[in-house]
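Here is what each chain is made of, one letter per residue.
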Amino acid sequence: IINNYLGGTQGGAVDKASPSGMHFRDSKRKVDYVLAYHYRKRLARHPAGAGSPEPTHESASLALVSNGRTGKGCAELQRQDGGQYAPQEQPRPLGVEVIELGPLDTLEEEKRLQREEYERNLVEVGLEIEKDPENKSQGLSFVRIHAPWQVLSREAELLKIKMPTKKMYEITEEGGILKTLNEIWCKLTKPLQPQVPQQENSNMKSLSYPFSREKIYLYNIKDKDTFFDNATRSRIVREILKRVSTKARNSTGIGTLIANHVYDAAYPLHDGEYEGQNDDMNERKLLYREWARYGVFYKFQPIDLIRKYFGEKIGLYFAWLGLYTEFLIPSSVVGIIVFLYGCITIEGDIPSKEMCDQHNAFTMCPLCDKFCDYWNLSSACATARASHLFDNPATVFFSIFMALWATMFLEQWKRLQMRLSYFWDLTGLEEEEVSFLSEHPRPEYETKLLRKKLKNKSITTENSNEDEKEKLTWSDRMPGYAANFGLILFMIMLTFSAVFGVIVYRITTAAALSFSTNETTRSNVRVTVTATAVIINLVVILILDEIYGAVAKWLTEIEVPKTEKTFEERLILKAFLLKFVNSYAPIFYVAFFKGRFVGRPGHYVYVFEGYRMEECAPGGCLMELCIQLSIIMLGKQLIQNNLFEIGIPKLKKLFRKLKDERTEPKEMDTNQSKDPQQWDLDYILEPFTGLTPEYMEMIIQFGFVTLFVASFPLAPLFALLNNIIEVRLDAKKFVTELRRPDTVRAKDIGIWYNILSGIGKLSVIINAFVIAVTSDFIPRLMYQYAYSQNGTMHGFINHTLSYFNVSHLKAGTQPENSPFAQDVLFCRFKDYREPPWSQNQYEFSKQYWAVLSARLAFVILFQNLVMFLSVLVDWIIPDIPKDISEQIKKEKSVLLDFFLKEEHEKLKLIESFIARDKQKNKSGTKGERIRAASFCQFNRCQKGSFASFSSQHTEV
């Protein structure tokens, strides 16, 4: 059924639009899918007349002339023997007009023919389409698609879509104290629940079974127009669009046509407007009111409604994000307690007091050559006190807590995922369905395969069947793999180069500021250099992140993966690798490399033959690591996750709108109604490009929260505050700024779970090294229990400082114009080395090796302890909740009983009909006819208003 398919000659139907914007012009058939394309009319006309050219869809026949590539227009083309389309020399009939096509016209004509062929094929498979007449010389047009019941039922059976049956069964709840606690929790959280329609009896669940036309009497079909919801209908149509092919360029499916710019877009419609004065409530408006506004940030997410509207894959993302945000609450509370512990105990910290003691001063060696003087350790008092906020015994406990927190989070997610799979009928998601949905080749794969076939010109027609089965081999993909390896290696080296560049900036800037005659500038060198370097690091990370995202996509495309699933997994791995290295490389440098290769007074390590390698602050590198981590984390969240996510889609939308206004001429379009229809409004929205960016930013944040949490206990708090906004920001984006995504069935979050698990295990090792190597926890512990005379921390600072004889400084490196030069015989530096009066002067002391051994022992002990506790937690918490596993078993037995009962009743009914027919009819032939009629009557009675569908099976 094609409405207004050619020329718009159906009178009144042209001006009449669907009042709701969701139906065909008859206001009965739903618009299940929309194809959008730009068209351009032929402008070359032989009669050279003034004024604008007229449209060429009039009744006059046209003979098209081009440079050899065209097809049928409104009239048959004249073909010469050489294969070129050209007009014949004989006189033309009256009304035939010659038009010469330019290159653009030829391309546009080819696209038009492909569209017509594709739409004819859609009609052949049973879809109904409605198309607006093209009234302007160029513009935007839409093809609206409706799937009738026969197509929906056929495809639902093919896709094995689970649908609710008539059978309802009771969900058995856990009794005892858990039930009581659950009831109390529900009452307490009632104000936080979104006001969305709920199932009347939450204790009852409808039994679902893959749709089958032969067993249609099993399903609870009240109205065949609403039995399949909008999301399911659009999903079915999308699968048909992927499958239907055209002969032109051997293109298969809508993906290839969009890639070849035959169509601009293909998308399902939103359920009307999300805000407006009308009282008509739809699911989109309900989601906006109860979920996609910042004003409802305190409410729980309506996960079931999200899944119903957007599909299981997006529903699982928001369920995961919600659980992650909830789990950040306890970790934030513990992080705040650890920080407060540091604030409370700062006054009682003996090493900080010793460092700040003006009377017991330590004269330190110069921080640079010639221009830096000897300095007093008490001048670094503020840094030492601030370091104690994050470098205290409580951080060790917090690191163990966060490692167990990550394990518990992943275990709880597996349980929630299983619960959702049960209630969303995903537990029996057959592998056949998954493979069917993912086996469609990507357009790029088909194009490359076609080029490979065209290259093999020696293939004869006898080998055509083998040609169809041809696939891309390793040799075809080897250039892509080589480019991937080389470019990924280059990008990682680029990240390291950026980090090294910032290191050089810090060294040279520190040296330059040390030359300053301003006393204030010289005294604040470390603060100035650290702050500016971190900001530079942040800017570099943000820029490289955007570049790496584009590069990862391009590298995955040149690999030419066959299916969308393979493409997505490879893209995720590449993007994560590049962005992980980019985000954490500066932090790894500060945590594990800064200050480790400095040397000692008289034997410093230099870069560029004059600049000393930078050292850690007197209080250690942990404070600087905390500053680096906090600024990069907060900067990425504020700028990249929020400002970019809000601003960039709006800029793209504005750019697309301006482009459309510029390309479309100002012509009156009689086809357009005064109010824009839903397909017009949705076309303006940004197309949905996948969940990879959403997951990626959360995974990187998860790394900030877990990997270096020993140095920044407040990281979970800042992540929680960001995620409260992030949930509503993503929700608003999906509801108001993006076209409606295609619903995709998924049992889990895929490869992201493996990445999360890997980060959780890596965090144990990294935090062990941060505590052992970067912080002063091990040296303090060793001093208190091995070297302290009274078992206290008194004398710790003196113990960690080594002596250096200033007369051993190299010529030209002594401080110039120093007022203390005559009084200073020995200066101190932070390290465990032998004093100058020892036989092995300036060599590593026994304390150094003892502390190093203790550090390594702590790493091994910490890692094994935390890994053991994580495995214990994993073992204690079952992956599948006990009540869900029991319900799954119960559902299987209920399904079996239901089938047996239905089949038994059906058999009894058939037997009663046969027995009655035997009594009424004595004649054999006559009796057979009556029995056949009775059996048809039984079919109508049993199936409601539906006849047998056996005659309506269509080959697919």
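Quick caveat: nothing in here was measured; it's all calculated off a predicted structure.

1. With respect to the state of the cysteines
Each disulfide is one covalent bond, formed between the sulfur atoms of two cysteines.
Point 1. Within the structure shown, the criterion is met by four disulfides.
Point 2. Here cysteine 356 is linked by a disulfide to cysteine 381, with a sulfur-sulfur distance of 1.9 Å. Looking along the S-S bond of the cysteine 356-cysteine 381 disulfide, the torsion reads about 95°, which is the right-handed sense. Taken together, the positions of cysteine 356 in helix H9 (residues 350–356) and cysteine 381 in helix H10 (residues 381–390) put the pair 25 residues apart, joining distant regions of the chain.
Point 3. Look at the protein and number its bonded cysteines as they come in the sequence; the links are 1-5, 2-8, 3-4, 6-7.

2. Details of the pattern of salt bridges
Two side chains with opposite charge may pair up if their charged atoms get near one another.
Point 1. Following the criterion strictly, the structure yields 41 salt bridges and no others.
Point 2. In this structure, the salt-bridge partner of arginine 25 is glutamate 130, at a minimum N-O distance of 4.0 Å. With arginine 25 in the loop between strand S1 (2–3) and strand S2 (33–40) and glutamate 130 in strand S5 (residues 128–131), the pair connects residues that are 105 residues apart, well separated along the chain. Glutamate 130 carries the same exposure label as arginine 25, and that label is buried.
Point 3. The salt bridge partner of glutamate 128 is arginine 29, with a shortest N-O separation of 3.0 Å. Of this pair, glutamate 128 sits in strand S5 while arginine 29 sits in the loop between S1 and S2, placing them 99 residues apart in sequence.
Point 4. A residue is classified by how much of its surface remains accessible, and glutamate 128, at 10% relative accessible area, is buried.

3. Topic: the nonpolar core
Point 1. Counting 122 residues, the largest nonpolar core has Trp291, Phe310, Trp320, Tyr324, Trp405 and Phe708 as the members making the most contacts within it.
Point 2. The leading source of residues in this core is helix H18 (residues 564–592), at 15 residues.
Point 3. In this structure, Tyr33, Ile145, Phe211 and Tyr219 belong to the second largest nonpolar core, which totals 46 residues.

4. Examining the packing of aromatic side chains
Between two aromatic rings, the relevant description is the distance of the centres plus the angle of the planes.
Point 1. Scanning all chains against the criterion turns up 55 aromatic pairs.
Point 2. An angle of 80° between the planes, with centres 4.8 Å apart, marks the rings of tryptophan 291 and phenylalanine 318 as edge-to-face. Note that tryptophan 291 is positioned in the loop between helix H6 (283–290) and helix H7 (303–310) and phenylalanine 318 in helix H8 (residues 312–344), a separation of 27 residues in sequence. Neither tryptophan 291 nor phenylalanine 318 differs from the other in exposure class; each is buried.
Point 3. Looking at lysine 205, its charged tip hangs above the ring of tyrosine 422, at a distance of 5.0 Å from the centre.
Point 4. Just above the ring of tyrosine 604 sits the side chain of arginine 612; from NZ or CZ to the centre is 3.6 Å.

5. Observations regarding a nonpolar patch on the surface
Point 1. Judged by side-chain polarity, Tyr294, Phe297, Tyr298, Ile646, Leu721, Ile724 and Ile725 come together as a nonpolar surface patch covering roughly 630 Å² of accessible area.
Point 2. Tallying contributions element by element places helix H22 (residues 715–737) first for the nonpolar patch, with three residues.
Point 3. Mapped onto the elements, isoleucine 646 comes out in helix H19 (residues 622–663).
Point 4. Under the relative-accessibility criterion, isoleucine 646 is labelled partly exposed at 33%.

6. Topic: unusual backbone geometry
Point 1. Although it is not a glycine, lysine 160 adopts a positive phi angle of roughly 60°.
Point 2. Locating lysine 160 in the fold gives a position in the loop between helix H2 (149–159) and strand S7 (162–170).
Point 3. According to the relative accessible area criterion, lysine 160 is partly exposed, its value standing at 32%.
Point 4. The phi angle at histidine 261 is positive, at roughly 65°, despite the residue not being glycine.
Point 5. Secondary-structure assignment places histidine 261 in the loop between helix H5 (253–259) and strand S9 (265–267).

7. As for the side chain of threonine 395
Point 1. With respect to the secondary-structure elements, threonine 395 resides in helix H11 (residues 393–423).
Point 2. Given the relative accessible area of 6%, threonine 395 is considered buried.
Point 3. A polar contact of 2.6 Å, which involves the side chain of threonine 395, links it to the backbone oxygen of asparagine 392.

8. Description of the confidence of the model for the protein
Point 1. In the predicted model, the protein carries a mean pLDDT of 78, and 80% of its residues have values of at least 70.
Point 2. When the elements of the protein are averaged for pLDDT, strand S3 (residues 62–65) gives the smallest value, 36, and H8 the largest, 93.
Point 3. Note that pLDDT drops below 50 for residues 44–96; the model gives that stretch 78 contacts with residues more than four away or on any other chain.
Point 4. Overall, residues 460–468 carries pLDDT values under 50, and its contacts beyond four positions in sequence, including any with other chains, amount to three contacts.

9. Considerations on the pairing of S2
Point 1. Counting buried positions over the eight residues of S2 gives six, a clear majority of the element.
Point 2. Of the strand pairs in this sheet, S2 and strand S6 (residues 138–146) are connected by eight bridges, and their pairing is antiparallel. Paired with tyrosine 37 across the strands is serine 141, a residue of S6.
Point 3. Both S2 and S9 contribute to a ladder of three bridges, which runs antiparallel. Counted as the bridge partner of valine 34 is tyrosine 267 from S9.

Scoring rules and cut-offs
- Residues numbered from 1 in each chain as written.
- Predicted model: local features only at pLDDT ≥ 70, side-chain atom pairs only at ≥ 80, totals over all residues.
- Heavy atoms only, no water.
- Disulfide = S-S within 2.5 Å.
- Helix = DSSP H or I, 4+ residues; strand = E, 2+ residues; numbered from the N terminus.
- Salt bridge = Lys/Arg side-chain N within 4 Å of Asp/Glu carboxyl O.
- Buried < 20%, exposed > 50% of the residue type's maximum accessible area, 1.4 Å probe, protein only.
- Core = buried A, V, L, I, M, F, W, Y, C linked by side-chain atoms within 4.5 Å.
- Phe/Tyr/Trp six-rings, centres within 6.5 Å; stacked < 30°, edge-to-face > 60°.
- Lys NZ or Arg CZ within 6 Å of the ring centre and 35° of its normal.
- Patch = residues over 30% accessible without salt bridge, like charges linked within 9 Å, V, L, I, M, F, W, Y side chains within 5 Å.
- Areas by Shrake-Rupley, 256 points an atom, 1.4 Å probe, with all protein chains shown as cover.
- Polar contact = N/O pair within 3.5 Å; in protein donor to acceptor, adjacent residues only side chain to side chain.
- pLDDT = per-residue confidence, 0-100.
- Contact = heavy atoms within 4.5 Å.
- Pairing = 2+ DSSP bridges.

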